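Chain residues, written in single-letter form:
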Amino acid sequence: MKSFSFFLICALVGLSVATKIQWTMVPEQPVEDDHPFNFKIVLDQQNLDTLENLFWQISDPKSPLFGKYLNNEQIAELISLPEADIQKVEAYLKQDAGKACDVKVDRSVHRDYLYVYTCAGQAKIIFPNLNFAVYERSNSNQTVIRSSTLVDLASNAFFLGVPHELHHLISGIHDVTDTPVPVKHASSKPGFDPFLPWQKSDKELTITEMRDTFNVTFEGIDAETLEKDDGQVRQGVVEFFHNNFSAKELAAYQQKYGLPSNPIRKIIGTENFSEEESVEVSLDVQTITGISGNVHTWDFTFGDSLCWLDVVETLTTTSGAPKVLSCSWGNWETDYNESKVAPVNTAFMKLGLAGFTFFIAAGDSGPSLQNNCKYYDPQFPATSPYVVSVGGTKIDKASGVEGAWFNSSGGFSFLVPRPKFQVEKVGHYVENAKFPPNPEGKIYNTTGRGFPDVSAFGAYQPV
């Protein structure tokens, strides 16, 4: 499986370059009461210390619990509120149902957050302190309905007008006062030259050259094992923005490089699927199938924002879902706040407890200096300690030496403290490395979670 793991790392090429996305209120566009309005209630999650301790034990080959994964019900029993408390929150959400429209409430598989489906008029009743407005995203015609006052108080039930007796049961309310975290838009197009002038010395590798260079000899898995597979020897890619790939181009790519025919076996989330091929997704599926022989690959595609809670919910509720996932999407950490990062990190913990391994690209914007070079902005969820964060390398044409790719992101989290597994190695690095000036620790945070965890070839592969 060593070569199989390598392929996943190679597939994590390039978070797409983007500019900061802004949302602007459109005051001349009224919010109709019957406009659909959906949001999430993150319930107070129990036993998080126990959950994290189990995560590390199950992940540690030296632990007697290594590989003894939990099923969804076991995770739910560990983390969810008592049934009576969940019902109290559901009752509040539904108590005035029908005054403007119906209210549908679905529980997540682990019963730790609620999906609420209603309309804007009913949301005004549920959250009496709020008025709603239409917001439009810059450089796009995408609009959303949100509170007329946008705040980072996603966890402040009092601010939203929720009764005091429910405050201790709710740790977050998402998609009400906060705008979506947008995905990064791919800047690469057919014919796009990715080489900057000072990168002309970097070597381009085809998929066959990549296999030869890194001694990838893995050719696949026997047919009998594939037929019996329950997800253990499947792999998946996670995509956003309804991005599509071309099955025809994938087949042509595999034929061109003498690879076995290996189409994407299943696509999850095809609603509003883009008809236009995405270079980002093509890169993912061509690389992942090109390295892994005949291993079956699934494609999971999601919408216009980085909805990580939805990703984890989909993976943990899809029968036979691949246990190893590759994702090359993300965004700047400053697009989040602690009340949004915390439940996402918990979600990734639950994913690990269920036996999934989530590889995610560290990013392709270097250290990402922001606000006139006043601070480095790390990438999330590459800074989550519960995923495998992957950086990129390149190979010098003249010497053949592998080194850091210029655009590969890395650094330290401002929101996530350094995890225990990094104390020794990252601590030693911080003590001995030479860093640029960092007045008052505001430019970067050397006490935060360091990323990436690993790096592999991540630049200049033709698709």
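Computed from a prediction, not measured in an experiment: that's the story for all the values here. (Residues numbered from 1 in each chain as written. Predicted model: local features only at pLDDT ≥ 70, side-chain atom pairs only at ≥ 80, totals over all residues. Heavy atoms only, no water.)

## Looking at the state of the cysteines
Evaluation of the coordinates by the stated rule reveals 1 disulfide. In this model, cysteine 101 is linked to cysteine 119 through a disulfide, with the two sulfur atoms separated by 2.1 Å. Residues cysteine 101 and cysteine 119 are joined by a disulfide whose S-S torsion is about -110°; by sign, that bridge is left-handed. Of this pair, cysteine 101 sits in the loop between α4 (83-94) and β3 (104-107) while cysteine 119 sits in strand β4 (residues 113-119), and the two are 18 residues apart along the sequence. (Disulfide = S-S within 2.5 Å. Helix = DSSP H or I, 4+ residues; strand = E, 2+ residues; numbered from the N terminus.)

## As for the packing of aromatic side chains
Applying the stated criterion to the full structure yields 22 aromatic pairs. Measuring from centroid to centroid gives 5.9 Å for tryptophan 56 and tyrosine 386, while their planes differ by 40°, and the two rings are tilted. Note that tryptophan 56 is positioned in helix α2 (residues 48-59) and tyrosine 386 in the loop between β16 (379-380) and β17 (388-395), a separation of 330 residues in sequence. Tyrosine 386 sits in the buried class, given a relative accessible area of 13%. Note that lysine 104 overlies the ring of tyrosine 117, its terminal NZ or CZ placed 5.7 Å from the centroid. (Phe/Tyr/Trp six-rings, centres within 6.5 Å; stacked < 30°, edge-to-face > 60°. Buried < 20%, exposed > 50% of the residue type's maximum accessible area, 1.4 Å probe, protein only. Lys NZ or Arg CZ within 6 Å of the ring centre and 35° of its normal.)

## Things to note about the nonpolar core
One finds Val238, Phe240, Trp308, Phe348 and Phe358 to be the most contacted residues of the largest nonpolar core, which totals 44 residues. Those elements that provide at least two residues to this core are α2, α3 (72-79), β4, β10 (297-301), α11 (308-317), β11 (324-327), α12 (338-353) and β13 (357-361). If you tally residues by element for this core, the top one is α12, at 7 residues. (Core = buried A, V, L, I, M, F, W, Y, C linked by side-chain atoms within 4.5 Å.)

## Digging into α3
Burial in α3 covers these residues: Ile75, Ala76, Leu78 and Ile79. Mapping the buried residues of α3 onto a view down its axis gives an arc of 165°, with all of them on the same face. For α3, the elements touching its buried residues are α2 and α12. Sitting at the amino-terminal end of α3 is asparagine 71, which places a side-chain oxygen 3.1 Å from the backbone nitrogen of glutamate 73. (Arc of directions from axis to C-beta. Contact = heavy atoms within 4.5 Å. Polar contact = N/O pair within 3.5 Å; in protein donor to acceptor, adjacent residues only side chain to side chain.)

## Focus on the sheet that holds β4
Strand order in the open sheet made by the 4 strands is β3-β4-β2-β7, with antiparallel pairing throughout. Strands at the two margins of the open sheet, each flanked by one partner only, are β3 and β7 (170-174). If you compare each strand with its neighbour and ignore which way they point, the axes differ by 20° on average. Two elements, strand β2 (residues 36-43) and β7, share 4 bridges in a ladder whose sense is antiparallel. Residue pairing in the sheet places isoleucine 41 in a bridge with isoleucine 173 of β7. (Pairing = 2+ DSSP bridges. Axes fitted to C-alpha atoms, helices over the stretch in contact; angles between N-to-C directions.)

## With respect to helix α10 (residues 279-291)
Here α10 is 13 residues long and its end C-alpha atoms lie 18 Å apart, about the 18 Å a rise of 1.5 Å per residue gives. Looking only at α10, the buried set comprises Glu280, Val281, Ser282, Leu283, Asp284, Val285, Gln286, Thr287, Ile288, Thr289, Gly290 and Ile291. Taken from the residues just after α10, glycine 293 is the one with a positive phi, measuring 65°. (Expected span 1.5 Å × (residues − 1).)

## Describing the environment of glycine 303
Note that glycine 303 resides in the loop between β10 and α11. Given a relative accessible area of 18%, glycine 303 falls into the buried group. Along the sequence, glycine 303 and asparagine 243 sit 60 residues apart, while their C-alpha atoms lie 8.5 Å from each other.

## Observations concerning the pattern of salt bridges
Per the stated rule, a full pass over the model turns up 13 salt bridges. Between glutamate 73 and arginine 111 there is a salt bridge; the shortest N-O distance is 3.2 Å. Residue glutamate 73 is found in helix α3, and its partner arginine 111 is found in the loop between β3 and β4; the two are separated by 38 residues along the sequence. One salt bridge connects aspartate 112 with lysine 350, and the closest N-O pair in it is separated by 2.5 Å. Residue aspartate 112 is found in the loop between β3 and β4, and its partner lysine 350 is found in helix α12; the two are separated by 238 residues along the sequence. Residue classification places aspartate 112 among the buried residues on the basis of a relative accessible area of 0%. Owing to a relative accessible area of 1%, lysine 350 belongs among the buried residues under this scheme. Each of Lys40, Arg146, Asp175 and Asp310 takes part in a single network of salt bridges with overlapping partners. (Salt bridge = Lys/Arg side-chain N within 4 Å of Asp/Glu carboxyl O.)

## So, unusual backbone geometry
The peptide bond linking phenylalanine 380 to proline 381 adopts the cis configuration, its omega dihedral lying at 15°. Take proline 381: it is sitting in the loop between β16 and β17. Here the bond from phenylalanine 451 into proline 452 is cis, since omega is 5°, no more than 30 degrees from zero. Position of proline 452 relative to the elements: it lies in the loop between β20 (448-451) and β21 (454-457). The backbone of aspartate 175 shows a phi angle near 70°, a positive value even though the residue is not glycine. In this structure, aspartate 175 sits in the loop between β7 and α7 (207-213). The exposure class assigned to aspartate 175 is buried, which follows from its relative accessible area of 16%. For asparagine 215, which is not a glycine, the phi torsion comes out positive at approximately 55°. Among the secondary structure elements, asparagine 215 is positioned in the loop between α7 and α8 (223-228). Looking at asparagine 215, the relative accessible area reads 58%, which means it is exposed.

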